[in-house]
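Structure at a glance
Spelled out from the first residue to the last, the chains are:
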Amino acid sequence: MVVREEVADRLLHALSDRTRRDIVRRCLVGEASVSRLAENYSMSFAAVQKHVAVLEQAGLVTKERSGREQLVRTDVEAVRQARAAIDQLEAVWRARVDRMSDLLQAGPLDEGNENDEREER
């Protein structure tokens, strides 16, 4: 699964905050009302609502009104997309590390060749 850069930006931004990651985890277990989520954090209800809004904008959670409560659910497919975005980053960095490792194992350049290159310039 290839994740577009704009989508990856939104997902990774939303998951960059510890509270938002915790909300995603809690809602993976089952839906929770925003008021119940707010009980778990030492911040205002409004602050928790803002965190939920960031997650909702990123597509990581959905909200549904049930009477007076807003129920929050984690979108498992969005979590998979976040995982794919991280996997893509990991592949890039592993390739870079492998190339650096190859260069280090090749050893230093032969000084004679290095001097020849300087003379040609």
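Computed from a prediction, not measured in an experiment: that's the story for all the values here. (Residues numbered from 1 in each chain as written. Predicted model: local features only at pLDDT ≥ 70, side-chain atom pairs only at ≥ 80, totals over all residues. Heavy atoms only, no water.)

**So, the overall build of the protein chain**
- Regarding its fold elements, the protein chain presents six helices and three strands.
- The N-to-C order of helical and strand elements in the protein chain reads α-α-β-α-α-β-β-α-α.
- In the protein chain, buried positions account for 26% of the 121 residues.
- Taking the intrachain contacts of the protein chain between residues at least 6 apart in sequence as the baseline, contacts between residues at least 24 apart amount to 56%.
- When the accessible area of the protein chain is evaluated, it comes to approximately 8900 Å², of which 49% is carbon and sulfur surface. (Helix = DSSP H or I, 4+ residues; strand = E, 2+ residues; numbered from the N terminus. Buried < 20%, exposed > 50% of the residue type's maximum accessible area, 1.4 Å probe, protein only. Contact = heavy atoms within 4.5 Å. Areas by Shrake-Rupley, 256 points an atom, 1.4 Å probe, with all protein chains shown as cover.)

**Structural notes on the nonpolar core**
- By size, the foremost hydrophobic cluster in this structure holds 21 residues, and its most contacted members are I23, L37, V48, V52, L55, L60 and V72.
- Elements with a minimum of two residues in this core: α1 (5-14), α2 (18-29), α3 (34-38), α4 (45-58) and α5 (76-106).
- The element best represented in this core is α4, accounting for four residues.
- If we ignore the near neighbours within four places in the chain, the residues touching V52 are I23, L37, V61, K63 and V72. (Core = buried A, V, L, I, M, F, W, Y, C linked by side-chain atoms within 4.5 Å.)

**Remarks on the packing of aromatic side chains**
- Evaluated as defined, the whole model comprises zero aromatic pairs.
- One Lys or Arg, R96, reaches over the ring of W93 and ends 4.8 Å from the middle of that ring. (Phe/Tyr/Trp six-rings, centres within 6.5 Å; stacked < 30°, edge-to-face > 60°. Lys NZ or Arg CZ within 6 Å of the ring centre and 35° of its normal.)

**Re α2**
- Compared with the 16 Å implied by 1.5 Å per residue over twelve residues, the 17 Å span of α2 between its first and last C-alpha is a close match.
- By the burial criterion, the buried members of α2 are T19, R20, D22, I23, V24 and C27.
- Buried residues along α2 sit against α1, β1 (32-33), α3, α4, β3 (69-74) and α5.
- Capping of α2 at its N-terminal end is provided by D17; its side-chain oxygen lies 2.9 Å from the backbone amide nitrogen of T19. (Expected span 1.5 Å × (residues − 1). Polar contact = N/O pair within 3.5 Å; in protein donor to acceptor, adjacent residues only side chain to side chain.)

**As for a nonpolar patch on the surface**
- A surface patch of nonpolar side chains, about 310 Å² in accessible area, is lined by L89, V92 and W93.
- With respect to the helices and strands, W93 occurs in helix α5. (Patch = residues over 30% accessible without salt bridge, like charges linked within 9 Å, V, L, I, M, F, W, Y side chains within 5 Å. Salt bridge = Lys/Arg side-chain N within 4 Å of Asp/Glu carboxyl O.)

**Some remarks on the sheet that holds strand β2 (residues 61-66)**
- If you walk across this open sheet you meet the three strands as β1-β3-β2, and the pairing is antiparallel. Across the chains shown, the open sheet's two edge strands, defined by having one partner strand only, are β1 and β2.
- Bridge analysis of β2 against β3 gives six bridges, and the strand direction is antiparallel. When the bridges of β3 are listed, E64 appears paired with L71.
- In this fold α4 packs onto β2 and β3, with an angle of close to 120 degrees to the strand it touches most, β2. (Pairing = 2+ DSSP bridges. Axes fitted to C-alpha atoms, helices over the stretch in contact; angles between N-to-C directions.)

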